[in-house]
Amino acid sequence: MEQIRISVRALVEFLLRSGDIDNRRGGMADKEAMQLGSRLHRKIQSRMGAGYRPEVSLKYEKTQKDYLLLVEGRADGIQETEDGTVIDEIKGVYRNVSTMEGPCEIHLAQAKCYAAIYGREKGLERIAVQMTYCNLETEEIRRFLMEYQVEELWNWFDDLTEEYGKWCEMELAWKALRQESIKECVFPFAYRDGQKELAAAVYRTLARRKKIFIQAPTGVGKTISAVFPAVKAVGEGLGDKIFYLTAKTITRTVAEEAFGRLKQQGLKFKVFTLTAKEKICPMEEVDCNPDTCPYAKGHYDRVNGAVFEMLTQSECFDREAVLKWSEKWKVCPFEMGLDVSLWADAIICDYNYVFDPRVRLKRFFGEGVKGDYLFLIDEAHNLVERGREMYSASLWKEDFLEMKRLLTERNKKLSRLLNRCNKIMLGWKRECETCTTRDNIGELILPLMSLVGEMEDFLEELPVGELRTKVLDFYFQVRSFLDISELVDDHYVIYTELAENGHFQVKLYCVDTSRNLQKCLDRGNAAVFFSATLLPVKYYISLLSDTPDDYAIYAKSPFDPGKSRILVGTDVSSRYTRRGQQEYRKIAAYIKKVTETQRGNYLVFFPSYRMMADVAACTEPILDPSIRCIYQTAGMREAEREAFLAEFEENARDEKEKEPKQGLVGFCVMGGIFGEGIDLKRDRLIGAILVGTGLPQVCREREILKKYYDDRNQDGFAYAYRYPGMNKVLQSAGRVIRTDEDRGIILLLDERFAGKEYLQMFPREWAGYDFCTLASVRDKTAEFWEQSRQREEEPRGGDLPCKTVLQEEPSNDTIAGKKHNDTQHGGMYE
């Protein structure tokens with residue numbers, strides 16, 4: 001018989017919600033800081049005496065016709081007193097507990113469920129429920145005690161489980177349909193050479209509950225090669241929910257298309273795309289309260305009906321579908337979407353909904369919550385810096401002064417607390433000349449906790465307006481800082497910084513994200529990391545994984561290597577010490593020779609806007625008049641970006657022409673919006689010139705990164721500068737060959753590319769690279785295009801066959817990184 005499990009907390013939160021969404025009150029005071037709360041729980045429990053049993057596991061099994069419902073949870077405490085049995089539920093909060101008039105209804109319902117289960121199990125007639133609220137900073141306690149007839153509680157609890165029954169029956173019927181459809185599902189394309197083995201490697205990883213890192217160049221078909229085996233794994237009971245994670249909208253669309261291909265075969269799979277609140281909100285301004293938003297008013301009274309109807313009457317769960325059903329029921333589409341995700345088979349979403357402690361989906365990744373999740377992590381190279389952002393936090397001293405100025409006349413206690421925090425930071429500021437690392441910031445944490453509690457009470461009464469918005473923003477900054485402070489360990493560097501404008505900040509900087517990411521991944525079964533630029537792989541594994549037995553696979557590009565030419569210019573440099581008119585003129589001459597040898601569309605990538613402008617000033621005067629130059633600008637809007645790319649579409653050659661009438665050169669910044677995620681296929685782009693090695697600019701945090709790894713006997717410069725820079729190079733170069741019909745030149749302009757430390761990072765498909773100088777680049781470029789024309793004139797059968805080569809290897813053999821303190825990378829994949 002099928003077993004359906006649900007926690008007591010999830011049951012009551014799902015079924016007993018009511019009323020409005022209101023960002024002005026209600027939620028903040030009830031949020032628990034989990035690690036602090038757990039420690040406080042144990043402290044309170046230890047004081048309760050011999051008759052008190054802490055952390056008592058309880059469960060109830062309800063047998064239905066087709067399934068067994070298991071409701072389980074853990075009471076914080078059960079105490080036997082002279083007056084009877086008491087179920088104790090402890091909640092740690094930041095707010096002032098002395099101002100509480102009664103317990104939160106959802107908290108009380110959770111305790112009543114425990115009381116019903118325990119009272120029924122022990123055959124009691126009466127039982128008491130005690131709600132214990134404790135302030136996390138002052139440890140002040142407020143208790144609310146209520147007594148119930150067990151029979152009355154049991155009838156109430158039984159009604160809850162009956163109400164949940166219709167959701168269970170819906171889920172079981174759908175799963176039966178889903179599992180049967182998966183059996184009939186086949187790979188939707190003819191397998192390319194090696195693609196079947198790639199999909200099989202993904203499946204084996206999921207079956208073994210491991211992680212795999214896949215270097216998958218463009219053309220391999222990485223998305224469907226990950227999605228298909230994951231769906232099959234669900235069919236075999238190896239997982240129950242797929243999370244397809246990505247950093248960009250375009251890759252979300254590709255994922256939707258992959259699932260769509262399988263659904264065209266008859267696959268029954270609820271695929272939900274989670275859209276950010278700002279992008280799906282139907283109101284002109286996002287302001288989630290019943291006075292300004294009709295969708296917020298009474299949302300919780302209607303949302304379960306909306307979700308149930310959508311799940312039973314629709315098979316489409318994208319943005320447009322959610323908007324349609326939310327409009328019908330007049331509920332918030334974002335919140336409704338979160339509820340729909342509970343019942344989805346696959347969730348396509350941004351990284352932060354899984355990993356970011358501030359916004360991750362608590363229903364899947366909250367404290368104590370685990371599931372049979374399969375993680376497919378696309379464009380995984382982006383997760384390194386995104387992870388650092390998600391697990392870091394900072395506070396600026398000036399913000400405390402500004403808050404004090406705004407609130408002094410309104411709340412004297414808040415003003416005193418703000419002043420207390422400011423004084424601590426002022427002392428640190430006096431010790432800091434420019435940047436100082438600190439072992440800990442313990443003296444600031446308790447004052448911040450007091451401040452947060454008082455701000456919650458203040459915000460409960462503060463009316464909507466500009467002041468409330470400012471206070472709320474500051475409140476979330478402080479709360480975020482406190483939450484991140486609980487994660488700080490030896491993977492962090494704490495530093496204070498005095499900025500050039502005199503402003504002072506304290507930052508909790510997560511240098512190595514592996515442990516925090518691993519904690520999230522541990523809530524599921526297995527993970528697949530894939531990207532076209534996951535090189536060097538040991539670098540990425542060291543920052544994205546905290547286990548020693550991960551797998552790694554390199555899939556060689558299926559494209560004919562003869563359709564591209566990789567040239568390395570060895571007589572030019574972008575080093576800061578070499579920058580000047582002489583080098584700029586040389587770079588301009590390279591651009592002229594390459595773009596005039598074969599007229600067409602080119603992109604030239606630079607390390608900065610400043611260098612781009614300096615080189616452009618030397619380039620335009622010497623270019624043939626038939627070649628136009630266009631430029632990326634800082635902060636381009638969507639329409640401007642589309643217009644920039646449209647130029648390449650319009651300038652592509654006509655099928656009857658050997659080359660377009662005009663040449664087009666787009667000047668861009670490496671690592672910017674045109675360096676990743678754009679597809680200029682065929683003659684829309686025939687070459688990329690990359691000026692420099694993409695090294696990030698020297699800054700405070702890059703130097704902290706470098707020192708962190710140097711102190712651990714690793715190559716700090718590589719971790720802080722070379723590896724991130726090379727990723728930008730590979731991403732920009734990857735714009736050239738997007739399909740089997742593409743052909744083009746990739747010119748790397750910097751003498752450093754000829755050094756061993758860079759050559760060993762070249763992808764395997766660059767094995768035929770060649771060196772050039774300004775004197776030889778025209779001839780080598782012309783030779784490639786002549787060979788390319790000859791190949792075009794050959795019959796189709798004359799093309800050389802090309803296989804996708806797979807190499808599977810456990811990371812404990814090939815991936816040294818932090819595990820073995822090996823910083824010399826002997827192979828291109830390593």
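Residues numbered from 1 in each chain as written. Predicted model: local features only at pLDDT ≥ 70, side-chain atom pairs only at ≥ 80, totals over all residues. Heavy atoms only, no water.

Draft legend 1. How the structure looks around the pattern of salt bridges. Inspection of the entire model under this criterion finds 55 salt bridges. Between R515 and D490 there is a salt bridge whose closest N-O contact spans 3.5 Å. Note that R515 is positioned in helix α19 (residues 514–521) and D490 in the loop between α18 (466–485) and β14 (492–498), a separation of 25 residues in sequence. Taken together, the shared-partner salt bridges connect E171, K175, R178, D240 and D345 into one network. (Salt bridge = Lys/Arg side-chain N within 4 Å of Asp/Glu carboxyl O. Helix = DSSP H or I, 4+ residues; strand = E, 2+ residues; numbered from the N terminus.)

Draft legend 2. Local environment of the packing of aromatic side chains. Within this structure, the stated rule accounts for 43 aromatic pairs. Summarising the aromatic geometry, the rings of F259 and F269 are spaced 6.1 Å apart at their centres and angled 15 degrees between planes, so their arrangement reads as stacked. Residue F259 is found in helix α7 (residues 249–264), and its partner F269 is found in the loop between α7 and β9 (271–273); the two are separated by ten residues along the sequence. Comparing F259 with F269 shows no difference in burial state: the two are buried. On the basis of an interplanar angle of 80 degrees and a centroid distance of 5.0 Å, the ring pair of Y708 and Y709 is categorised as edge-to-face. (Phe/Tyr/Trp six-rings, centres within 6.5 Å; stacked < 30°, edge-to-face > 60°. Buried < 20%, exposed > 50% of the residue type's maximum accessible area, 1.4 Å probe, protein only.)

Draft legend 3. Examining unusual backbone geometry more closely. The peptide bond linking L535 to P536 adopts the cis configuration, its omega dihedral lying at -10 degrees. Secondary-structure assignment places P536 in the loop between β16 (526–531) and α20 (537–544). Residues other than glycine seldom take positive phi values, yet R209 does so here, at roughly 55 degrees. Note on placement: R209 falls in the loop between α5 (195–207) and β7 (211–215). The backbone of R682 shows a phi angle near 55 degrees, a positive value even though the residue is not glycine. Among the structural elements, R682 can be located in the loop between β21 (663–669) and β22 (687–691).

Draft legend 4. Expanded view of the packing of helix α14 (residues 383–390) against α20. Closest axis-to-axis distance for the α14/α20 pair is 10 Å, and the angle between their directions is 25 degrees. Classified by the angle between their axes, α14 and α20 sit roughly parallel to one another. Between α14 and α20 lies a crossing whose hand is left-handed. Residues L383, V384 and R388 of α14 lie in contact with α20, whose contacting residues are Y539, Y540, L543 and L544. Class assignment of the residues belonging to the contact of α14 with α20 gives a composition of six nonpolar, no polar and one charged. (Axes fitted to C-alpha atoms, helices over the stretch in contact; angles between N-to-C directions. Parallel < 35°, antiparallel > 145°, perpendicular 65-115°, else oblique. Left-handed = near helix turned anticlockwise from the far one by under 90°. Contact = heavy atoms within 4.5 Å. Nonpolar A, V, L, I, M, F, W, Y, C, P; charged D, E, K, R; others polar.)

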